[in-house]
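Spelled out, the chains give:
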Amino acid sequence: MKIGIGSSNPAKIKAAHPFITHFEDAELVSYASDSLVAAQPFSDEETKIGAINRARDCVMQGADIGIGFEGGVMEMEDGMYLCNWGAVADQHGNVYSAAGARILLPLVIVAGLKQGKELGTLMGDLTKDPEIRKKDGAIGVFTSGMLSRSEMFLHISTILLGQYIYSLNK
């Protein structure tokens, strides 16, 4: 079984691990897939759509199951939050989605986002590590390393796998 992940980001690839361990004959393939949303999604809805588009694109490129992860931000009354979505799609047209952790972003980051900068770029500037999005990400920085980006997406991946297995068994 070919399981596609719509990213070459190591943090996202690592998060797809539950699918590989669940399906005995699974092979994980990384696909270059476009989210078809803004480079910096600014709502839960846009971030979710990006994850779904990535998952579906993997299937269109030949995967039996496609996984998509997307990070974004969302505005609430008390400020701007980091948001993350994942999706799984299969060759039968089934799509399942799930969201992950939320964390209030510091005002200096929000100001940069409102100027049109991407969160990954802002985090790279803040940490002096341009590759931070491939490692701990914003969630890792703002939780003092208690939760990495990969672990956050792993949580979403586990939820998605559970949804997918449930759908197969009903």
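Residues numbered from 1 in each chain as written. Predicted model: local features only at pLDDT ≥ 70, side-chain atom pairs only at ≥ 80, totals over all residues. Heavy atoms only, no water.

> Honestly, the overall build of the protein chain in this entry has me stumped. Any pointers?
Within the protein chain, the regular secondary structure consists of 7 helices and 6 strands. A compact globule built from 170 residues would reach a C-alpha radius of gyration of about 15 Å, and the protein chain, at 16 Å, matches this within 12%. Reported as C-alpha extents along the three principal axes, the dimensions of the protein chain are approximately 45 × 25 × 25 Å. The buried share among the 170 residues of the protein chain stands at 50%. Taking the intrachain contacts of the protein chain between residues at least 6 apart in sequence as the baseline, contacts between residues at least 24 apart amount to 58%. Total accessible area computed for the protein chain in this model is approximately 8,400 Å², and 54% of it derives from carbon and sulfur atoms. In the protein chain, the 15 positive side-chain charges and the 20 negative ones have mean positions that sit 3 Å from each other. (Helix = DSSP H or I, 4+ residues; strand = E, 2+ residues; numbered from the N terminus. Rg over C-alpha atoms; globule rule 2.2 N^0.38 Å. Buried < 20%, exposed > 50% of the residue type's maximum accessible area, 1.4 Å probe, protein only. Contact = heavy atoms within 4.5 Å. Areas by Shrake-Rupley, 256 points an atom, 1.4 Å probe, with all protein chains shown as cover. Lys, Arg positive; Asp, Glu negative; His and termini not counted. Charge placed at Lys NZ, Arg CZ, Asp CG, Glu CD.)

> Looking at this model, I keep getting lost on the packing of helix α4 (residues 107-114) against helix α5 (residues 119-127). Mind explaining?
Any two packed helices are characterised by how steeply their axes cross, that is the angle between the axes, and by the distance between the axes. Interaxial distance between α4 and α5 falls to 10 Å at its minimum, and their mutual angle equals 135°. On the basis of the axis angle, α4 is oblique to α5. With respect to the hand of their crossing, α4 and α5 are arranged in right-handed fashion. Facing I109, G112 and L113 of α4, the residues of α5 in contact are L119, L122, M123 and L126. The class makeup of the residues in the contact of α4 with α5 is 6 nonpolar, 1 polar and no charged. (Axes fitted to C-alpha atoms, helices over the stretch in contact; angles between N-to-C directions. Parallel < 35°, antiparallel > 145°, perpendicular 65-115°, else oblique. Left-handed = near helix turned anticlockwise from the far one by under 90°. Nonpolar A, V, L, I, M, F, W, Y, C, P; charged D, E, K, R; others polar.)

> Which parts of the structure should I look at to understand the side chain of N84?
With respect to the helices, strands and loops of the structure, N84 is situated in strand β4 (residues 79-90). The contact partners of N84, leaving out residues within four places of it in the chain, are T47, E70, G71, A98, A99, G100, A101, R102, M152, F153 and I156.

Function cannot be read off these values alone, since they describe shape.
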